[in-house]
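Chain by chain, the residues run as shown.
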Amino acid sequence: MDRSPVVVIALFLVCCATFMLAQTPAQAPQLSTRDAASQQASAAAATFDQVIDRTIEREHFFMAQMKQLHPLVETYLQNLKEDKELNAPVPVSDVYFLGRLDLSSGETDDRTFSSPTTSGLGKRMLSKLKNVYSMRFMPLGFAQMVILDQDFQRKYYDFTFVRREFLGEIKCIVIDVAPKKDAGNGRFLGRIWIEDQDYNIVRFNGTYYPHPRSSYYLHFDSWRQNLRPGGVWLPSLIYSEESDLKYKLGQTLNYKAQTRLWGYNLKDFRRNSEFTEITVDAPQAVQDESKKAQDASPIEAQRAWERQAEINVIDRLQQIGLLAPEGEIDKVLQTVVNNVMVTNNLDIQPEIHCRVLLTTPLESFTIGHTIVVSRGMIDVLPDEASLAMILTHELAHIALGHRLNTKMAFNDRMFFPDERTFERMDFARDRGEEEAADKKAIELLNNSPYKDKLSNAGLFLKAVQARAPQLKNLIRAHLGDSLLNGDATRMSSLMTASPQFDPKKADQIAALPLGGRVKVDPWTEQLELIKTKPVAITAAADKMPFEVTPFFPFLTRFGSASASPNKAAPAATPTPEKTATASPSGQ
Ligand SMILES: [Zn+2]
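The written sequence of each chain sets the order in which its residues are numbered from 1. Under the rules for a predicted model, residues below a pLDDT of 70 receive no local features and side-chain atom pairs below 80 are neither given nor counted, while totals for whole chains, interfaces and linings still include all residues.

A.B. asks: Which parts of the structure should I look at to understand the overall build of the chain?
C.D. replies: A run of H or I in DSSP counts as a helix once it spans at least four residues, and a run of E counts as a strand once it spans at least two, with each numbered from the N terminus. Counting its regular elements, the chain contains 13 helices and 16 strands. As a rule, residues whose C-beta atom has 12 or fewer other C-beta atoms within 10 Å are exposed, those with 20 or more are buried, and those in between are partly exposed; C-beta atoms are placed from the backbone. When each of the 587 residues of the chain is scored for burial, the buried share is 42%.

And the structure:
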């Protein structure tokens, strides 16, 4: 089954190449007026035809806009196999891509085809993430799914009104779209949701059609969000799945994948990086140090040096869109860290901060006195005690004085291209430090408010261990410490006191599905905790630990009361005297 991901990529290459080359034969525009009479007129567009015209116009505007934008694109894919006992598909292998979208070269970009051979590309994607694949390839494959049609024209399609429907608080006109005969390969076939103010497509669900001989298009559900004023809706989430796509004799494609886009508002990375990676400090960032009369003592100098390295690395990670800006979730994490510190009488200077890495793979690490946890990790942790376990391990590194490699304190070390971040930055620690941190962390946890709740944390680790062989790309760390240390699991002594991991048991929640807790604003990268009602789990198949699930974002308009990120997020007020509760989802 290890070969499946390669196959998936191969399919994309074939599909998309043909998509790009799709012929668009000239034909007399034949307007579909079907159902037009039955349409409820909206305020601005009086007829169904007008709705279609406005939508097509907006879509062309959208395409022009996307060519200027270079968000990060992350795709995480799980290949599935039916589990007879569970009576549901379960992941058997996974694939991870991270890169930057570039649609600027348009549909006739030859570079997209002059790339390495299919197998080479597949191999590259499967290999270590330091080979962050060049975004030249991103118009292909999953990133392609941000586009409905490179050249959306009325003459290529039949439109059928379905109904009006709310997506979140957005009133939408729902329309079925089917390519006309001879409109060329790779047109969109499916359903679109159009918001009724500016007539932007906010969601489209379907596939490209018709597919050329011996290649296939995949199914997807592509969502856009209103991230800016002026009716700007940008791609943010794409879910894709196939359960029985027969692509070769006896071969069936069975997978599900989540694609996330963010970092639309990052500084013009492309233009800068072509010349140099040197950035010049803004004048306000330069502090006047002349009033400080004292020289630093050797120990102060050492600390200042380490602090410089820490700031350099954090700035860099945030600049390229990998680290979320400071926000509410940091405070939730900090509360948990404080709970452990207070009960252990730990007084660490400078103060410890927590930050969130925006990516999916489960990892955590420390940069000086900053603890970094990935979004995917926060998503899958079942409860606060498990979160405390992850954070306390990192706290232990800090408490033990494990140092950041201070070569990062030299500013020139930061001048490397963004795509090389993963090879230039490595926060993983050696085995000796890991074991010492594990030991110290257990000691700290046993003297913390979480001491009686650690069996579930141990259960989480058992789940990690059980799923690690199938979910190598999710569980492997890319920048920091993995939950697995060779064959050993981090903090394995917690596992002995925990119950047996039983994926078939409906009431045992060892780990949550991906995407269940943290919401990312793709423009600002601000994070917010997702507000969901608890759902009763009645069947073991509903648990889906570490699994990819479809997206169903609550759509809002920019600036509406329910749209302001972080405003509604539960604030966890750090209360140093007493231990505070910081459960991310009220569990
Ligand atoms: Zn560690």
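A.B. asks: Whenever I open this one, the packing of helix α6 (residues 328–343) against helix α8 (residues 384–399) confuses me. Can you help?
C.D. replies: When two helices pack together, their arrangement is given by the angle between the helix axes and the distance between those axes. Fitted lines through C-alpha atoms serve as axes, helices being fitted only where they are in contact, and the angles separating the N-to-C directions of these axes extend from 0 to 180 degrees. Contact geometry of α6 with α8 gives a least axis separation of 9 Å together with a crossing angle of 70 degrees. With respect to their mutual orientation, α6 and α8 come out roughly perpendicular. Between α6, through Leu333, Val336, Val337 and Val340, and α8, the contact on the second element is made entirely by Glu384, Leu387, Ala388, Leu391, Thr392 and Leu395. In these notes the angle categories are as follows: under 35 degrees is roughly parallel, over 145 is roughly antiparallel, 65 to 115 is roughly perpendicular, and the rest is oblique. In this description, a residue-residue contact is defined by the distance between C-beta atoms placed from the backbone, which must lie within 7 Å.

A.B. asks: It is not clear to me how α6 should be interpreted in this structure. Could you clarify?
C.D. replies: Because an α-helix completes one turn every 3.6 residues, residues spaced three or four positions apart along the sequence face the same direction. For α6, built from 16 residues, the straight-helix expectation of 22 Å at 1.5 Å per residue is met to within 8% by its first-to-last C-alpha distance of 23 Å. For α6, every residue scored as buried is listed here: Ile329, Val332, Leu333, Gln334, Thr335, Val336, Val337, Asn338, Asn339, Val340 and Met341. Buried residues belonging to α6 abut β10 (353–357), β12 (370–374), α8, α10 (431–446), β15 (518–520) and β16 (527–529). Downstream of α6 by a residue or two, Asn345 has a phi angle that is positive, lying close to 50 degrees. Every helix has an expected span of 1.5 Å times one less than the residues it contains.

A.B. asks: Before we go on, may I ask you to explain the packing of α8 against helix α11 (residues 454–467) in this structure?
C.D. replies: Between α8 and α11, the shortest axis-to-axis distance is 8 Å and the interhelical angle comes to 70 degrees. Considering the angle they form, α8 stands roughly perpendicular to α11. The interaxial crossing formed by α8 with α11 has right-handed handedness. Seen from α8, the contacting residues are Ala385, Ser386 and Met389; seen from α11, they are Leu454, Asn456, Ala457 and Phe460. Looking at the contact of α8 with α11 residue by residue, the classes come out as 5 nonpolar, 2 polar and no charged. In this scheme the crossing of two helices becomes right-handed for a clockwise turn of the near helix relative to the far one and left-handed for an anticlockwise turn of less than a right angle. Only Asp, Glu, Lys and Arg are considered charged, only Ala, Val, Leu, Ile, Met, Phe, Trp, Tyr, Cys and Pro nonpolar, and every remaining residue, Gly among them, polar.

A.B. asks: Looking at this structure, I do not really get unusual backbone geometry. What am I missing?
C.D. replies: The phi torsion of most residues other than glycine is negative, and most of the peptide bonds are trans. Cis geometry marks the peptide bond from Tyr209 to Pro210; its omega dihedral reads -10 degrees. Of note, the bond from Gln349 into Pro350 is cis; its omega dihedral lies within 30 degrees of zero at -10 degrees. Looking at the element boundaries, Pro350 is found in the loop between α6 and β10. We note that Asn87 has phi near 55 degrees; this positive angle belongs to a residue other than glycine. With respect to the element layout, Asn87 can be found in the loop between β1 (72–83) and β2 (88–100).

A.B. asks: How should I be thinking about the nonpolar core in this particular structure?
C.D. replies: Nonpolar side chains tend to gather and get buried jointly when the protein is soluble and globular. A set of buried Ala, Val, Leu, Ile, Met, Phe, Trp, Tyr and Cys residues, joined through C-beta atoms within 7 Å, is what we mean by a nonpolar core. In this structure, Val337, Val373 and Leu395 are the most contacted members of the largest nonpolar core, which totals 127 residues. For this core, the leading source of residues is α8, giving 10 residues. Domain delimitation in this document rests on an assignment produced automatically or drawn from a domain database. Taken domain by domain, this core gets at least three of its residues from each of domain 1 (4–266) and domain 2 (300–542). Sequence-distant contacts of Val373, that is, excluding residues within four places in its chain, are made with Leu333, Cys354, Val356, Leu357, Ser364, Ile378 and Ile390.

A.B. asks: I tried to follow the pairing of β12 on my own but got confused; where do I start?
C.D. replies: Taken across its 5 residues, β12 has 5 buried, putting it largely inside the fold. Of the two faces of β12, the one lined by Thr370, Val372 and Ser374 and the one lined by Ile371 and Val373 are each fully buried. Strand pairing is defined by DSSP finding a minimum of two bridges between the two strands. In this sheet, β12 lies alongside β10 in parallel orientation, the contact comprising 5 bridges. When the sheet's bridge partners are listed, Leu357 is paired in β12 with Ser374. Where strand β11 (residues 364–367) hands over to β12, the hairpin turn is made up of 2 residues, of which Gly368 adopts a positive phi near 60 degrees.

A.B. asks: Please clarify how the pairing of strand β5 (residues 187–195) should be interpreted in this entry.
C.D. replies: On a regular strand, each side chain points to the face opposite its neighbour's, so the side chains alternate between the two faces of the sheet. Sheet analysis places strand β4 (residues 170–179) next to β5, joined by 6 bridges and oriented antiparallel. Counterpart to Val177 in the pairing with β5 is Gly190. With 8 bridges joining them, β5 and strand β6 (residues 201–209) adopt antiparallel strand pairing. Looking at β6, one finds that Arg187 is bridged to Tyr209. Here β5 folds back onto β6, and the loop between the two strands holds 5 residues, one of which, Tyr199, carries a positive phi near 65 degrees.

A.B. asks: I'm lost on the confidence of the model for the chain in this one. Help?
C.D. replies: Residues shown with low pLDDT carry predicted positions that ought not to be read at fine detail. In this model, the chain carries an average pLDDT of 76, and 72% of its residues clear a pLDDT of 70 or more. In this model residues 565–587 is a low-confidence stretch, pLDDT under 50, and it forms 46 contacts with partners more than four residues away in sequence or in other chains. Every residue gets a pLDDT, meaning the predictor's confidence in that residue, from 0 to 100.

A.B. asks: Looking at this model, I keep getting lost on the sheet that holds β12. Mind explaining?
C.D. replies: Within a sheet, each strand pairs with its neighbour through backbone hydrogen bonds, oriented either parallel or antiparallel. One open sheet accounts for 3 strands, arranged β10-β12-β11; its pairing is mixed. Only two strands of the sheet have a single partner each, and these edge strands are β10 and β11. Each strand of the sheet is rotated relative to its neighbour by a mean of 25 degrees, with strand direction disregarded. Against the sheet, helix α5 (residues 298–319) makes contact with β10, β11 and β12, and its axis sits at roughly 130 degrees relative to β11, the strand it touches most. Packing against the sheet, α6 makes contact with β10 and β12, and its axis sits at approximately 130 degrees to β10.

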